[in-house]
Protein chains: 2
Amino acid sequence: MPAPIDFYFDFSSPYGFLASEKIEALAARHGRDVSWRPMLLGVVFKQTGAAPLTQIPLKGEYSRRDMARSARFHGIDGFRMPSTFPIATQAPARIVLWLQIKDPSMASKVVHAQYRAFFVDDIDISNPDNAASVAARCGVDAAAARAAIDDLEIKDALKKSNEQAIAAGAFGSPFIVVDGEPFWGMDRLDQVDRWLETGGW
Amino acid sequence: MPAPIDFYFDFSSPYGFLASEKIEALAARHGRDVSWRPMLLGVVFKQTGAAPLTQIPLKGEYSRRDMARSARFHGIDGFRMPSTFPIATQAPARIVLWLQIKDPSMASKVVHAQYRAFFVDDIDISNPDNAASVAARCGVDAAAARAAIDDLEIKDALKKSNEQAIAAGAFGSPFIVVDGEPFWGMDRLDQVDRWLETGGW
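Residues numbered from 1 in each chain as written. Chains lettered and ligands numbered in written order. Predicted model: local features only at pLDDT ≥ 70, side-chain atom pairs only at ≥ 80, totals over all residues. Heavy atoms only, no water.

Trainee: What exactly am I supposed to notice about the relation of the copies chain B and chain A here?
Mentor: Each of the two chain copies can be brought onto the other by rotation about an axis and movement along it. When chain B is brought onto chain A, the operation consists of a screw motion whose angular component is 180° and whose axial shift is 0.0 Å, with 0.0 Å RMSD remaining. Such values leave the two copies arranged in the relation of a two-fold axis. Among all residues of chain B, the minimum C-alpha distance to the rotation axis is found for D187(B), at 2.9 Å. A shared interface surface links the copies, since 100% of the contact residues of chain B are contact residues in chain A too. (Least-squares fit on C-alpha atoms with pLDDT ≥ 70 in both. Contact = heavy atoms within 4.5 Å.)

Trainee: Would you mind showing me how to read the sheet that holds strand β1 (residues 5-9) of chain B here?
Mentor: Strand pairing in a sheet is mediated by backbone hydrogen bonds. Such pairs are either parallel or antiparallel. Residue and element names in this part refer to chain B. In spatial order, the strands read β2-β1-β3-β4; together these 4 strands make up an open sheet with mixed pairing. Only two strands of the sheet have a single partner each, and these edge strands are β2 (34-38) and β4 (181-184). Across the sheet, the axes of successive neighbouring strands diverge by a mean angle of 20°, strand direction being ignored. With 4 bridges connecting them, strand β3 (residues 175-178) and β4 associate as antiparallel partners. (Pairing = 2+ DSSP bridges. Helix = DSSP H or I, 4+ residues; strand = E, 2+ residues; numbered from the N terminus. Axes fitted to C-alpha atoms, helices over the stretch in contact; angles between N-to-C directions.)

Trainee: How should I be thinking about helix α7 (residues 128-137) of chain B in this particular structure?
Mentor: Note that an α-helix has 3.6 residues per turn; residues three or four places apart therefore point the same way. All names here are of chain B. Of all the residues in α7, the buried ones are A131, A132, V134 and A135. Buried residues in α7, looked at end-on, bunch into an arc of 160°, giving them a common side. Residues of α7 that are buried in the fold lie against α5 (90-102), α6 (107-119) and α8 (142-149). Between the side-chain oxygen of the N-cap and the backbone nitrogen of D129 there are 2.8 Å, and the N-cap of α7 in question is N127. Just beyond α7, the residue with positive phi is G139, at close to 105°. (Buried < 20%, exposed > 50% of the residue type's maximum accessible area, 1.4 Å probe, protein only. Arc of directions from axis to C-beta. Polar contact = N/O pair within 3.5 Å; in protein donor to acceptor, adjacent residues only side chain to side chain.)

Trainee: Sorry, what's going on with the packing of aromatic side chains here?
Mentor: To describe a pair of aromatic rings, you give the distance between the ring centres and the angle between the ring planes. This model, assessed by the stated rule, comprises 42 aromatic pairs over all chains. Considering the side-chain rings of F9(A) and Y115(A), the 5.7 Å spacing of their centres and the 45° angle between planes classify their relative orientation as tilted. Here Y115(A) lies in helix α6 (residues 107-119) and F9(A) lies in strand β1 (residues 5-9), a separation of 106 residues in the sequence. The same class applies to F9(A) and to Y115(A), which are both buried. A ring pair is formed by F118(B) and F119(B), whose centres lie 4.7 Å apart and whose planes are at 65°; its orientation type is edge-to-face. With respect to burial, F118(B) and F119(B) carry one shared label: buried. Sitting over the face of the ring of W201(B), R194(B) holds its NZ or CZ atom 5.7 Å from the ring centroid. (Phe/Tyr/Trp six-rings, centres within 6.5 Å; stacked < 30°, edge-to-face > 60°. Lys NZ or Arg CZ within 6 Å of the ring centre and 35° of its normal.)

Trainee: Sorry, what's going on with the pairing of β2(B) here?
Mentor: Note on strand geometry: in a regular strand, side chains alternate between the two faces of the sheet. All names here are of chain B. Most of β2 is tucked away: 4 of the 5 residues are buried. Strand direction decides the pairing type here: β1 and β2, joined by 5 bridges, are parallel. Counterpart to I5 in the pairing with β2 is V34.

Trainee: Please explain the environment of D66(B) as it appears in this structure.
Mentor: As for its position among the elements, D66(B) is in helix α4 (residues 59-73). The class of D66(B) is buried, set by a relative accessible area of 2%. For D66(B) and Y15(B), which are 51 residues apart along the polypeptide, the C-alpha to C-alpha distance reads 9.9 Å. Setting aside residues no more than four positions away along its own chain, D66(B) makes contact with R188(A), Q191(A) and Y15(B).

Trainee: Any chance you could explain the sheet that holds β1(A) here in plain terms?
Mentor: Residues and elements named next belong to chain A. Ordered in space as β2-β1-β3-β4, the 4 strands form an open sheet in which the pairing is mixed. The open sheet terminates on both sides in strands that have one partner only, identified here as β2 (34-38) and β4 (181-184). When the angles between neighbouring strand axes are averaged without regard to direction, this sheet yields 20°. On top of the sheet, helix α10 (residues 189-198) reaches β1, β3 (175-178) and β4; it is set at about 10° to β3, its chief contact.

Trainee: Sorry, what's going on with the pattern of salt bridges here?
Mentor: Two side chains bearing opposite charge may form a pair once their charged atoms approach each other closely. Enumeration over the complete set of coordinates arrives at 24 salt bridges over all chains. Taking the shortest distance from any N to any O, the salt bridge between R146(A) and D129(A) comes out at 2.8 Å. Here R146(A) is found in helix α8 (residues 142-149), whereas its partner D129(A) is found in helix α7 (residues 128-137), with 17 residues between them in sequence. For R146(A), a relative accessible area of 27% corresponds to the partly exposed category. D129(A) gets classed as partly exposed once you look at its relative accessible area, which sits at 46%. Salt-bridge contacts for R146(A) lead to D150(A); the nearest nitrogen and oxygen are separated by 3.0 Å. Judged by its relative accessible area of 46%, D150(A) is partly exposed. Salt bridges here are not isolated pairs; linked through shared partners, they connect R65(A), D66(A), R69(A), D187(A), E181(B) and R188(B). (Salt bridge = Lys/Arg side-chain N within 4 Å of Asp/Glu carboxyl O.)

Trainee: Where do I start with the packing of α5(B) against α8(B) in this structure?
Mentor: Residues and elements named next belong to chain B. At their nearest, the axes of α5 and α8 sit 8 Å apart, and the two run at 110° to each other. By the angle between their axes, α5 is roughly perpendicular relative to α8. Here α5 runs over α8; the crossing is right-handed. The segment α5 lies against α8, with A91, R94, I95 and W98 engaging A144, A145, A148 and I149. Split into classes, the residues belonging to the contact of α5 with α8 amount to 7 nonpolar, no polar and 1 charged. (Parallel < 35°, antiparallel > 145°, perpendicular 65-115°, else oblique. Left-handed = near helix turned anticlockwise from the far one by under 90°. Nonpolar A, V, L, I, M, F, W, Y, C, P; charged D, E, K, R; others polar.)

Written out as structure tokens, the structure reads:
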């Protein structure tokens, strides 16, 4: 099987959520897996001086409208902006990184559960207990997931994941790398699809 | 005929150029005209604190790659980043606004000629003589076009055009408004197309 697609994302990223709902089916059409690579946009934004999209004058107002409209356009049900936004996403990111070591088969399921908890059910997954509960709904041991959030080895794994994201050139979420070619944003899924089909142009 | 599509753009915007090559055919499929609305991104960026895309760390490097890749993806031949970029675009913007008063039938042709001069032929259209020469290639009187750039009434028309852009919520280029609904970016042409087809979703 060819190399997986790298999907760099922050759990607080609305366009990351929308793309996460589409990327696996897209990858599967081309015989690829998805490598989920959680990162913290706050760390990345220090490199670029960027601010959270929704906090920028004019652009913020537009982006809220566009996020909801894009969700409907792409047939992603239930999207709504969370009542607290943006949030810190260490807790869900660490749970995913922990699962990738301990039980990789669960990672994808938990990525989707965390994202949907935040963007559909308005659960504040920045809260470690909430993030552990969401993982538990997928069949993960809640106490072990909760402990992983405070585990020094897992904390270190998230630091490394951020460093890898920056090294890959990620400056936003989602940031998708296919065989070394970078694509930023939900908007580029059409190009990702053609790149997988043709190997480039 | 229903209302035209408002196409807000800066002549120094690569994604504005790419979208300008597609928007008229898209509009025509739905029986619409395009209202070309030149603006100055520098004025708009003061509202949002934004910087030119290519000057942002990480994002700048990616965007240059993405612009060329997106041009090829959309079948737009000859695109290359100009040797001087970004540029001030008062000269071509004023020529277009002057034509919209004096000879509206020429405006669209001159928009395309200015954009292609800059992004395909690497002509610095910030230079008033160059911008007038490009217009002349379309059959416009060169001396009159050159004079229009320094005409106080036309200067005022550009100020008003910027104000209208900001009032419409434009914070980037291209910014497309269809029956009051705003769409930012070349990336949203698919949504513009469906919006024109369905009236919204």
